[in-house]
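Secondary and tertiary structure notes
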Amino acid sequence: MIDFDVHHGNGTEEGFVPDDTLFYGSTHEKDNFPGTGKDPSPYVGDQAKTPLHRRIVNRTLPAGPASVKQFHVKWAQVVDEMALFAPDLVIISAGFDAHDEDPLASVELQEEDFKVRRALPHKHPRSSLCYSPPDSFSLCLTHHHGAASGRRKSCSRRA
Ligand SMILES: [Zn+2]
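What you see is a predicted model, and the numbers here were worked out from it, not measured in a lab. Each chain has its residues counted from 1, following the order in which its sequence is written. For a predicted model such as this one, the threshold for reporting local features is a pLDDT of at least 70, and the threshold for listing and counting side-chain atom pairs is 80 or more; totals across whole chains, interfaces and linings nevertheless cover every residue.

**Describing the overall build of the protein chain**
Where helices and strands are cited, they refer to DSSP runs of H or I of at least four residues and of E of at least two residues respectively, numbered from the N terminus. Within the protein chain, the regular secondary structure consists of four helices and seven strands. Each helix and strand of the protein chain, ordered N terminal to C terminal, gives the series β-α-β-α-β-α-β-α-β-β-β. To assign burial, the other C-beta atoms lying within 10 Å of each residue's own C-beta are counted, with C-beta atoms placed from the backbone; 20 or more indicates buried, 12 or fewer indicates exposed, and intermediate counts indicate partly exposed. Classification of the 159 residues of the protein chain by burial places 31% in the buried group. When contacts within the protein chain are restricted to residue pairs at least 6 apart in sequence, long-range pairs at least 24 apart make up 59% of them. Note on contacts: each residue gets a C-beta atom placed from the backbone, and two residues are in contact if those atoms are within 7 Å.

Here it is, written out as structure tokens:
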């Protein structure tokens, strides 16, 4: 699971830590609620501090205008590490509260900054992709059959 919600997915991370078949990568605003998701290992791949830091990857963003550039740099690190993990299924925890106009955060992303999803199939073309709002319990299933065929079913969600 990769997560660009402005808040750290502490519950998701806690559930993923004990299971080494799972990957969680997140960008989130530093010191925003819930205050978890510190960034102890700013390196990916063999440069990561520990094996756990290769599959639990947190990247914090500063408040203000610098957040935009930092988001693109750090999201790319998350995606690169995820690609090394070689997942069979990619779920994107797609919270759009990092948008500049969201009053509960100080990250200043614009609509075009959220187009990062376009890079994912090229990074790992055999992955399935799924987008799900992080603050709901909906189930979202998307079947991506590879860049070659281009066949994709749309998301089905349950509220
Ligand atoms: Zn959020």
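**Looking at unusual backbone geometry**
Here the amide bond leading from Phe33 into Pro34 is cis, since omega sits at 5 degrees, within 30 degrees of zero. Its place among the elements puts Pro34 in the loop between β2 (24–29) and α2 (52–55). Phi is positive for Asp31, which is not a glycine, with a value near 70 degrees. Residue Asp31 is classed as exposed on the basis of its C-beta count, with 11 C-beta atoms lying within 10 Å. Non-glycine residue Ala86 carries a positive phi angle of around 55 degrees.

**Quick look at helix α3 (residues 66–85)**
A helix is expected to reach a length of 1.5 Å times the quantity of its residues less one. Compared with the 28 Å implied by 1.5 Å per residue over 20 residues, the 29 Å span of α3 between its first and last C-alpha is a close match. Among the residues making up α3, those that are buried are Ser67, Phe71, Lys74, Trp75, Val78, Val79, Glu81 and Met82. Downstream of α3 by a residue or two, Ala86 has a phi angle that is positive, lying close to 55 degrees.

**A few points about the nonpolar core**
Put simply, a nonpolar core is a cluster of buried Ala, Val, Leu, Ile, Met, Phe, Trp, Tyr and Cys residues tied together by C-beta atoms within 7 Å. One finds Ile2, Val78, Ala98 and Val107 to be the most contacted residues of the largest nonpolar core, which totals 21 residues. Looking at this core, the elements that each hand over two or more residues are β3 (56–61), α3 and β4 (89–93). Here the element with the most residues in this core is α3; it accounts for five residues. Every residue in contact with Val107, bar those within four places of it in the chain, is listed here: Val6, Glu29, Leu61, Ala63, Ser67 and Ala98.

**Quick look at the pairing of β2**
Among the six residues that make up β2, six are buried, leaving the element largely enclosed by the rest of the structure. Because side chains alternate across β2, one face comprises the buried residues Tyr24, Ser26 and His28, and the other comprises Gly25, Thr27 and Glu29, equally buried. A strand pair is defined by DSSP finding two or more bridges across the two strands. Examined bridge by bridge, strand β1 (residues 2–3) and β2 share two bridges and lie parallel to one another. Residue Asp3 lies in a different strand from β2, and its bridge partner there is Ser26. Remark: the β1/helix α1 (residues 10–16)/β2 crossover connection has right-handed handedness. As judged from the six bridges shared by β2 and β3, these two strands associate in the parallel manner. Across the sheet, residue Ser26 finds its bridge partner in β3, namely Asn58. Look down the strands so they point away from you; if the path from the first strand over the helix to the second goes clockwise, the crossover is right-handed.

**A short note on the environment of Phe16**
Mapped onto the elements of the fold, Phe16 is located in helix α1. Distance in space between the C-alpha atoms of Phe16 and Met1 is 9.4 Å, their sequence separation being 15 residues. Apart from the residues lying within four places of it in its own chain, the contact partners of Phe16 are Leu22, Tyr24 and Ile56.

**Brief notes about the environment of Lys74**
Counting through the fold element by element, Lys74 comes out in helix α3. When the 23 C-beta atoms within 10 Å are taken as the criterion, Lys74 is described as buried. Separated by 13 residues in sequence, Lys74 and Leu61 place their C-alpha atoms 8.2 Å apart. With sequence-adjacent residues up to four places away left out, Lys74 is seen in contact with Thr27, Arg59 and Leu61.

Keep in mind these numbers describe shape, not what the thing actually does.
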